Structure formats: C-alpha cells, structure tokens
Amino acid sequence: MNIFYNNNTLYINLEEEINEYNMNKLKSRVFKIVRDYNIDDVILKVNSYKKDNFLLKDFLNEYENTIGGHIKIR
C-alpha cells in the first residue's frame, strides 16, 4: 500500500490482497491522515483482481458515513 499527497489530493495505491487485515490497516491510516490534514480529495487505485470485494465496499461506506466525503476509485 502506497499513500502519497500531491496537489491537494491524497492518492492511495492498494496492491495487496483485499482482506480484513489490509482493509483495517488502510482504514486506520487513511482516516487519520484525512482528519489530521483536512483533506477533501482522495483517489484509490486498486490493483487487486477483485475490485468489487465486500470489504472494499464496506470501507468506502464507512468513509462516507464517518468523514462525510467520497473516495474516487480508479
């Protein structure tokens, strides 16, 4: 997982398998960064073979409900 910030946007490259451990790690990192630095734009690039995983959908829903923003997926 690579996370970097450029031009007022947080970019996340998720190359690991989408499982509960990795999604919990992603959630804790992204939520903390977004809250600490007040970032509005987040782009998630999923390089895993299962982009429609229920854990990924759960993460996106929790982000929208907790942070109040949206994550763009590429």
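Further up the page is the structure itself.
Criteria and thresholds
Residues numbered from 1 in each chain as written. Predicted model: local features only at pLDDT ≥ 70, side-chain atom pairs only at ≥ 80, totals over all residues. Heavy atoms only, no water. Phe/Tyr/Trp six-rings, centres within 6.5 Å; stacked < 30°, edge-to-face > 60°. Buried < 20%, exposed > 50% of the residue type's maximum accessible area, 1.4 Å probe, protein only. Helix = DSSP H or I, 4+ residues; strand = E, 2+ residues; numbered from the N terminus. Pairing = 2+ DSSP bridges. Right-handed = clockwise from strand over helix to strand, strands pointing away.

**Q** It is not clear to me how the packing of aromatic side chains should be interpreted in this structure. Could you clarify?
**A** Note on aromatic pairs: each is described by the distance of the centres and the angle between the planes. All chains considered together, the criterion is met by three aromatic pairs. An angle of 20° between the planes, with centres 5.2 Å apart, marks the rings of Phe4 and Tyr11 as stacked. When its relative accessible area of 41% is taken as the criterion, Phe4 is described as partly exposed. Here the aromatic rings of Phe31 and Phe59 are separated by 6.2 Å at their centres, their planes lie at 35°, and the arrangement is tilted. Note that Phe31 is positioned in helix α1 (residues 20-37) and Phe59 in helix α2 (residues 54-67), a separation of 28 residues in sequence. The same class applies to Phe31 and to Phe59, which are both buried. Grouping aromatic residues by their ring pairs yields a cluster made of Phe31, Phe59 and Tyr63.

**Q** Explanation requested: the pairing of strand β3 (residues 41-46) in the structure shown.
**A** The side chains of a regular strand alternate between the sheet's two faces. Pairing between strand β2 (residues 9-14) and β3: six bridges, direction parallel. In the sheet register, Tyr11 faces β3, and the bridge partner there is Ile43. Taken together, β2, α1 and β3 constitute a β-α-β crossover, and its handedness is right-handed. Pairing analysis gives three bridges linking β3 to strand β4 (residues 71-73), with the strands arranged parallel.

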